[in-house]
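These are the residues of each chain, in order.
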Amino acid sequence: MKSIELNKVQDYLDQWTNKPVYVHVETTNGAYAKHFDANAYNVGAYVRNAQITYTQGKIVEQEGAYRVGLKHEIGWIYAEGLTDFEFNENNQLLMAGHDADGRLMVAMQLSETPFNY
Amino acid sequence: MEIDYSKHKHVVVIYPHPDDESFGTAGTVVKFREAGVPVTYLCGTLGEMGRNMGSPFFANRETLPEIRKQELINACKEIDMDLQMLSYRDKTMEFEDEQVVADDLRKRIEELDASLVITFYPPYAVHPDHNAMGRAAFRAIRDMDPDKRPEVWANAISNDHQEILGSPDIVIDTKDVFQKKLNALKAHKSQIDGMLQKVRQGNEELSEFDLALRYFQYETYHTVTFD
Ligand SMILES: [Zn+2]
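Residues numbered from 1 in each chain as written. Chains lettered and ligands numbered in written order. Predicted model: local features only at pLDDT ≥ 70, side-chain atom pairs only at ≥ 80, totals over all residues. Heavy atoms only, no water.

As for the pairing of strand β2 (residues 20-28) of chain A
All names here are of chain A.
Right, on to step 1. Counting buried residues along β2, 7 of its 9 residues qualify, which places the element largely inside the surrounding structure.
Right, on to step 2. Relative to strand β3 (residues 44-62), β2 is paired through 9 bridges, and the arrangement is antiparallel. For V25, the partnering residue across the bridge sits in β3 and is V47.
Right, on to step 3. Where β2 meets strand β8 (residues 104-111), 6 bridges bridge the pair, whose relative direction is antiparallel. (Buried < 20%, exposed > 50% of the residue type's maximum accessible area, 1.4 Å probe, protein only. Helix = DSSP H or I, 4+ residues; strand = E, 2+ residues; numbered from the N terminus. Pairing = 2+ DSSP bridges.)

Structure follows, in structure tokens:
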């Protein structure tokens, strides 16, 4: 992955407007947050291979990190804290946010075909 | 404490993640292998939802499974351990039907004719997958004919486990085989590099070997019986 380039990612988002795509969204602070800090709390959620058709997808930058919002017929999908992206050989748009140690904190990924499960 | 490694027929290690074996039991495995005892790792998942992507990061969510699979294969080679991958998915083990997982584990334990099973001690193993895998393994062994049950050594790692379970029954000093353990740990490049960099802070004078030894020298187990 490399640092997000806003215009490139916006172009990738635009190509799938009004087309069914599969979404992977996740956020995590790891399974050991509480183990290493009694005051911390493990949080996380992930969705793998939800199918949606968004009518508008948009990426916005603020202070070096990015948010992506996908508006669809009856709601939204949203992720914050994205910093890196890759459009891979399977035509999947991968976006993720990493902490200073390179650990994944948040991800949003889009693909025309289902992600491996 | 003197352990007669050669008395065992076959040791079966049951954990959910690539790298659990290297952190928790690699030195023990080497000692069994040096005593001529076969060891097989039943690895539940490919750790495909791990958040460590290498440091600096080189993996992503979609490449991580294949990378960790290869790391796992290499780590097992370093310590000369057979490997069976069970194809569950990282972070979902606790949502599987526990009896189905246990039945599959029991079949494999019986086929391998295990005299010892090493697994996590639920619910003292912190990660939900660790606890789920340990629970399924315990259930598999409880389901066996009492005369045929293997010995069980279980790793408890939660911060409160000593208060509840007492001190471990078995403490294995891996110093004499630690180079192999370190090789196994380092096979998990996507997972271990960040950790070694972290613990290096304040320990700049230590060699990599001594640094890793400080954290991973001892492998500890509670013995578990089912009646
Ligand atoms: Zn683990």
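A short note on the packing of aromatic side chains
Right, on to step 1. Using the criterion set out here, one finds 14 aromatic pairs over all chains in the structure.
Right, on to step 2. With 4.1 Å between their ring centres and 5° between their planes, A:Y12 and A:F87 make a pair best called stacked. Here the residue A:Y12 occupies a position in helix α1 (residues 6-15), and A:F87 occupies one in strand β6 (residues 84-87), the gap between them amounting to 75 residues.
Right, on to step 3. Taken together, the ring pairs connect B:Y5, B:F32, B:W153 and B:Y221 into an aromatic cluster. (Phe/Tyr/Trp six-rings, centres within 6.5 Å; stacked < 30°, edge-to-face > 60°.)

Describing the interface of chain A and chain B
Right, on to step 1. Each partner contributes residues to the interface: chain A has 25 residues there, and chain B has 22 residues.
Right, on to step 2. Surface buried jointly by chain A and chain B totals about 2100 Å² across both partners, of which 51% is contributed by carbon and sulfur atoms.
Right, on to step 3. Looking at the side of chain A facing chain B, the largest losses of area belong to A:H35, A:Y46 and A:R103, adding up to 27% of the total buried there.
Right, on to step 4. Our enumeration of links across chain A and chain B arrives at 3 salt bridges.
Right, on to step 5. The partner of B:R61 in a salt bridge is A:E26, and the shortest N-O contact between them spans 2.5 Å.
Right, on to step 6. Those elements that place two or more of their residues in the side of chain A that touches chain B are β2, β3, β6, β7 (92-98) and β8 of chain A.
Right, on to step 7. Taken together, the residues that form the side of chain A that touches chain B break down as 8 nonpolar, 10 polar and 7 charged. (Contact = heavy atoms within 4.5 Å. Buried area = accessible area lost by both parts, 1.4 Å probe. Salt bridge = Lys/Arg side-chain N within 4 Å of Asp/Glu carboxyl O. Nonpolar A, V, L, I, M, F, W, Y, C, P; charged D, E, K, R; others polar.)

Details of the coordination of the zinc ion
Metal coordination angles have textbook ideals: 109.5 degrees for a tetrahedral set of four donors and 90 or 180 degrees for an octahedral set of six.
Residues and elements named next belong to chain B.
Right, on to step 1. The zinc ion binds to the protein through H17 (ND1), D20 (OD) and H130 (NE2); the donor distances cover 2.0 to 2.1 Å.
Right, on to step 2. All donor residues of the zinc ion come from one chain, and their arrangement in sequence is H-x2-D-x109-H. Taken together, the residues span a long stretch of sequence, with D20 in helix α1 (residues 20-24) and H130 in helix α5 (residues 128-142) at a distance of 110 residues. (Donors = N, O, S within 2.8 Å, 3.2 Å for Na, K, Ca; no water.)

Looking at the pairing of β3(A)
Residue and element names in this part refer to chain A.
Right, on to step 1. Two strands pair when backbone bridges link them, and β3 and strand β4 (residues 65-72) are joined in this way by 8 bridges, in the antiparallel orientation. Across the sheet, the residue bridging to Q62 is A65, located in β4.
Right, on to step 2. Following β3, the chain reverses through 2 residues before pairing antiparallel with β4; E63 in that reversal takes a positive phi of roughly 50°.

What is shown is where atoms sit, not what they do.
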